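Listed below, chain by chain, are the residues.
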2 protein chains.
Amino acid sequence: MNYSNLFSERINNVPKSFIREILSLIQNDDIISFAGGLPNPDFFPVEEFRQASNKVLMDCDTDALQYTITEGYRPLREHISKRYKQKFNLDVPLEQILITSGSQQGIDLLAKVLMNKGDGLLIENPTYLAAIQSFIVYQPEFFPVSLQNDGPDLAEMEQILEKHDIKAFYSIPNFQNPTGLTYSDEKRRHIADLLKKHNTLLLVDDPYGDIRFEGTPAESFKNLYEHTILMGSFSKTVSPGCRLGWLVAPKEIYEKLYIAKQASDLHTSYLTQRIMAQFLDDHDLDQHVSKISDFYGKQKDAMIRAINEYLPDFVEYTKPEGGMFIWLTIREDMDALKLFRAAVEEGVAFVPGEPFFVNRKKKNTLRMNFTNVSEDVMMEGMKRLARAFQKVGYSK
Amino acid sequence: MNYSNLFSERINNVPKSFIREILSLIQNDDIISFAGGLPNPDFFPVEEFRQASNKVLMDCDTDALQYTITEGYRPLREHISKRYKQKFNLDVPLEQILITSGSQQGIDLLAKVLMNKGDGLLIENPTYLAAIQSFIVYQPEFFPVSLQNDGPDLAEMEQILEKHDIKAFYSIPNFQNPTGLTYSDEKRRHIADLLKKHNTLLLVDDPYGDIRFEGTPAESFKNLYEHTILMGSFSKTVSPGCRLGWLVAPKEIYEKLYIAKQASDLHTSYLTQRIMAQFLDDHDLDQHVSKISDFYGKQKDAMIRAINEYLPDFVEYTKPEGGMFIWLTIREDMDALKLFRAAVEEGVAFVPGEPFFVNRKKKNTLRMNFTNVSEDVMMEGMKRLARAFQKVGYSK
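Note that the coordinates shown come from a computational prediction; the quantities given were computed from them, not determined experimentally.

**Concerning the interface of chain B and chain A**
Argument step 1. Counting residues at the interface gives 81 residues for chain B and 81 residues for chain A.
Argument step 2. The contact between chain B and chain A buries some 7200 Å² in all, and 61% of this surface belongs to carbon and sulfur atoms.
Argument step 3. Summed over the three residues of chain B that lose the most area to chain A, namely Met1, Tyr3 and Leu65 of chain B, the buried surface amounts to 10% of that side.
Argument step 4. Viewed at the interface, chain A and chain B are joined by two salt bridges.
Argument step 5. Measuring nitrogen to oxygen at the nearest pair gives 2.7 Å for the salt bridge that ties Asp108 of chain B to Lys112 of chain A.
Argument step 6. At the junction of chain B with chain A, the criterion picks out 47 residue pairs in polar contact (both at pLDDT 80 or more).
Argument step 7. Those elements giving two or more residues to the side of chain B that touches chain A turn out to be helix H1 (9-12), helix H3 (46-56), helix H5 (102-114), helix H6 (129-136), helix H10 (251-265) and helix H11 (270-282) of chain B.
Argument step 8. Ranked by residues supplied to the side of chain B that touches chain A, first place goes to H10 of chain B with 10 residues.

Shown next as structure tokens:
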């Protein structure tokens, strides 16, 4: 049997993960990596989780190991609803919250429910690579809009919306992966107006929003535009390995997402939901998150100092107010992939920016993660990167 | 914005869950329910899981809360591989095992990877309702084959395979949900030959196979037919709430399933995988499963005694050697849905068989679960059901 003839058009449509191939090149322990996208494990509440799991599994209460409802554990949804009220003065009824297996599954469910082959989907250019992969499975037509320092290029966005039939806009408005950029409040209002005018759904993915180390909290899109679907996640604030995220959607869309969730995996691990809810009952998440944000802020400062000290003057960089990434732009005639190969030889790694673009790829961009190495190691890594610049003749 | 115009054809294609609507009718605590499909929670290893989670989260080992690989936790895959060797003398390399969020996700991933709209999919008639729902999303054309007491009707199956282009056969060969039926070894060999002749993939879903209380273990299809994909689950043997299942697939298909899994949710809850692996390290799963099987076997006997004692003589029933369900057939001119309404009035519930059929629906069938009520309650429930038979005039 020739299996290669068996596969669906949708899965044949998905390209191999570029990042995965890159990461396989840098399995070497001697390499200092700015390439990953992992939260710093020093902040994982391991002991708190141990206590929470003891409570949940105490007294032979069998419920935590049984099947549960597709919507997700009610007290966990209550925690999520309360946080929206506290942080954005948003009223989110529990009936509109669906617990998902990470916000990655939120993207998959939204695409499953909304996208017919060829449907117009507006996305940021560049954008989160794994979101592109999730969407590609359902074969929409992508319409990428350029990102500026304060958010999408509005003129370009308006032009796309006028020329094409766009069903939804997939947006990461806070501390975006890969660029670290955040939309200004002014742009958010303009975008809300534009989407309203063109009857376009807004899908807001916000895994990093809580990790703000500078500036003032931005407005929630949900307060600006009725037809907004929110995606959230505990991956960056508590634990990514638990795979716990959520969707917030208007009732009619929620009902379809519910069907898709049920068909996908019935419900998200109930034991994990129970442990997370117990952790949130017993601990102050804001306090926990502020420790992470403080540390990440210092790491970001250190990386910017190192860039200024060691890298050539022509290197431009974003100045994130939160999240986990800085985005570098080198000269237009330079190739980050060529630089990457030299960097690995020198013992340092980053992610070349190319795979984050759907078209109009900027080959002269780099994604740098600052959450996972100590300041000393960061300095050493940046010296190595400087040597790689020299090696390929990119030093002036 | 009119949301109803936004949905994908695939999701509009999925009918409302009949069982869910039925279950909403019987939320009343006074109703004795043979309708559910839940494992008996008395056998959940709650204390063992508490100890396992303590070990996993001991000494602030942060790894269990971090992202992990898409394939799943290696020691968990080792446990699964070892069991295939012990039980079926099957060699399953770890590289062919993909951990999924329940075997429900296994079905979803297989459909995602294999099914184009209109592709031929052979299924049992009746079959597992939630599998139909998962497949429907990807819009295959269903070809249902009738089930006999020893497995599918071979003549019918051959006719379908000759007339139509069938990509895969979705099969639940052991203690099927809803009928409790098991394929004979002889039929398995015939089916393997048929599928080979027609170049058709075999997708084996086996959540109940471990729960055998009578008879001799059947041959694994994987030993009979090379192009077999296996789905397995810890839901019925350890805990359904953990959502832990797996797929076993040949390398080329595995690679596509890997991509689909990554796009769906990156990986299954790592914390849950770690706890399950620790539980399997520290305890004998076969011993645990034999306790469940012994109990379920007694429950099955009790239900058959109660059927014989209380229900009309024309009621036919399957005699499962394992699993969780008995399938009743009443006279052809009778309607199980009408009986259901009367039953609920009398304070007892079951699932009418109709929704488990894709076509040629037999309205005179009932699914009865025997795992979740004590023998006393079972007898009382059956008396009530007998009264319902009388009430609708089905007593002779």
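What follows picks up the thread again.
**Points about the relation of the copies chain B and chain A**
Argument step 1. With an RMSD of 0.0 Å, the fit of chain B onto chain A corresponds to turning through 180° and sliding 0.0 Å along the axis. The relationship between the two copies is best expressed as a two-fold rotation axis.
Argument step 2. Same-surface contact between copies: 100% of interface residues of chain B are shared with the interface of chain A.

**Considering the pattern of salt bridges**
Argument step 1. Tallying each qualifying case throughout the model produces 54 salt bridges over all chains.
Argument step 2. Linking Asp333 of chain A and Arg331 of chain A is a salt bridge whose minimum nitrogen-to-oxygen distance equals 3.3 Å.
Argument step 3. Given a relative accessible area of 58%, Asp333 of chain A falls into the exposed group.
Argument step 4. You can call Arg331 of chain A partly exposed: its relative accessible area is 34%.
Argument step 5. Here Glu214 of chain B makes a salt bridge to Lys300 of chain B, at a shortest N to O gap of 2.5 Å.

**Observations regarding the packing of aromatic side chains**
Argument step 1. Tallying each qualifying case throughout the model produces 28 aromatic pairs over all chains.
Argument step 2. Relative to Tyr270 of chain B, the ring of Tyr73 of chain B lies with its centre 5.6 Å away and its plane at 75°, an arrangement referred to as edge-to-face. In this pair, Tyr73 of chain B is assigned in the loop between H3 and helix H4 (74-88) and Tyr270 of chain B in helix H11, connecting sequence segments 197 residues apart. Of the two residues, Tyr73 of chain B and Tyr270 of chain B, both sit in the buried class.
Argument step 3. Among the aromatic residues, ring-to-ring pairing joins Phe43, Phe295 and Tyr296 of chain A into one connected group.
Argument step 4. For Arg331 of chain A, the ring lying beneath its charged end belongs to Phe314 of chain A, and the centroid distance is 5.2 Å.
Argument step 5. Above the ring of Phe221 of chain B, the side-chain terminus of Arg188 of chain B is found at 5.6 Å from the ring centroid.

**Here's the deal with the side chain of Arg83 of chain B**
Argument step 1. Looking at the element boundaries, Arg83 of chain B is found in helix H4.
Argument step 2. Apart from residues lying up to four places away in sequence, Arg83 of chain B is in contact with Phe88, Asp210, Leu285 and Asp286 of chain B.

**Remarks on the nonpolar core**
Argument step 1. Of all hydrophobic cores here, the largest spans 213 residues; its most connected members are Phe49, Phe234 and Leu271 of chain A together with Phe49, Phe234 and Leu271 of chain B.
Argument step 2. Here Phe234 of chain B is in contact with Leu76, Ile80, Ser239, Leu244, Trp246, Met276, Leu280 and Leu285 of chain B, once residues within four sequence places are set aside.
Argument step 3. By size, the runner-up hydrophobic cluster in this structure holds 77 residues, among which are Leu98, Tyr254, Tyr258 and Ala260 of chain B.

**Some points on the environment of Ala336 of chain A**
Residues and elements named next belong to chain A.
Argument step 1. Following the sequence through the fold, Ala336 ends up in helix H13 (residues 336-346).
Argument step 2. In sequence terms Ala336 and Val351 are 15 residues apart; their C-alpha atoms lie 8.6 Å from each other.
Argument step 3. Contacts of Ala336, omitting those with residues within four sequence positions, involve Ile330, Phe350, Pro352, Lys363, Thr365 and Leu366.

**Digging into the pairing of strand S4 (residues 141-148) of chain A**
Residue and element names in this part refer to chain A.
Argument step 1. As paired strands, strand S3 (residues 120-125) and S4 are joined by six bridges and run parallel to one another. Within the sheet, the bridge partner assigned to Leu121 lies in S4 and is Phe142.
Argument step 2. Relative to strand S5 (residues 151-152), S4 runs antiparallel, the two sharing two bridges. In the strand pairing of S5, Leu147 is matched with Pro152.

**Here we look at the pairing of strand S6 (residues 166-171) of chain B**
Residue and element names in this part refer to chain B.
Argument step 1. With six of six residues buried, S6 lies mostly within the body of the structure.
Argument step 2. One ladder, built from four bridges, connects strand S3 (residues 120-125) with S6; its direction is parallel. Looking at the pairing, Gly120 lines up with Ile166 of S6.
Argument step 3. Here four bridges tie S6 to strand S7 (residues 201-205), and the two strands are oriented parallel to one another. Note on S7: the bridge partner recorded for Tyr170 is Leu203.

**Looking at the environment of Phe49 of chain A**
Argument step 1. Secondary-structure assignment places Phe49 of chain A in helix H3 (residues 46-56).
Argument step 2. Judged by its relative accessible area of 0%, Phe49 of chain A is buried.
Argument step 3. Residues Phe49 of chain A and Ile326 of chain A lie 277 residues apart in sequence; the distance between their C-alpha atoms is 31 Å.
Argument step 4. Setting aside chain neighbours within four positions, we find Phe49 of chain A in contact with Val238, Cys242, Ile275, Met276 and Phe279 of chain A together with Leu57, Leu65 and Leu271 of chain B.

**Details of the packing of helix H12 (residues 285-310) of chain B against helix H14 (residues 375-391) of chain B**
Residue and element names in this part refer to chain B.
Argument step 1. Contact geometry for H12 and H14: axes closest at 9 Å, N-to-C directions at 30°. Between H12 and H14, the angle is such that the two are roughly parallel. The handedness of the crossing between H12 and H14 comes out as right-handed. Taking contact as the criterion, the partners of Gln299, Ala302, Met303, Arg305, Ala306, Ile307 and Tyr310 in H12 are, on H14, Glu375, Met378, Met379, Met382, Lys383 and Ala386.
Argument step 2. Here the contact of H12 with H14 is built from residues that sort into nine nonpolar, one polar and three charged.

**Here we look at H3 of chain A**
Argument step 1. Every buried residue of H3 of chain A is listed here: Val46, Phe49, Arg50, Ala52, Ser53, Asn54 and Val56 of chain A.
Argument step 2. Buried residues along H3 of chain A sit in contact with helix H11 (270-282) of chain A together with H3 and H11 of chain B.

The rules behind each value
- Residues numbered from 1 in each chain as written.
- Chains lettered and ligands numbered in written order.
- Predicted model: local features only at pLDDT ≥ 70, side-chain atom pairs only at ≥ 80, totals over all residues.
- Heavy atoms only, no water.
- Contact = heavy atoms within 4.5 Å.
- Buried area = accessible area lost by both parts, 1.4 Å probe.
- Salt bridge = Lys/Arg side-chain N within 4 Å of Asp/Glu carboxyl O.
- Polar contact = N/O pair within 3.5 Å; in protein donor to acceptor, adjacent residues only side chain to side chain.
- Helix = DSSP H or I, 4+ residues; strand = E, 2+ residues; numbered from the N terminus.
- Least-squares fit on C-alpha atoms with pLDDT ≥ 70 in both.
- Buried < 20%, exposed > 50% of the residue type's maximum accessible area, 1.4 Å probe, protein only.
- Phe/Tyr/Trp six-rings, centres within 6.5 Å; stacked < 30°, edge-to-face > 60°.
- Lys NZ or Arg CZ within 6 Å of the ring centre and 35° of its normal.
- Core = buried A, V, L, I, M, F, W, Y, C linked by side-chain atoms within 4.5 Å.
- Pairing = 2+ DSSP bridges.
- Axes fitted to C-alpha atoms, helices over the stretch in contact; angles between N-to-C directions.
- Parallel < 35°, antiparallel > 145°, perpendicular 65-115°, else oblique.
- Left-handed = near helix turned anticlockwise from the far one by under 90°.
- Nonpolar A, V, L, I, M, F, W, Y, C, P; charged D, E, K, R; others polar.

Purely spatial values, then, with no claim about function.
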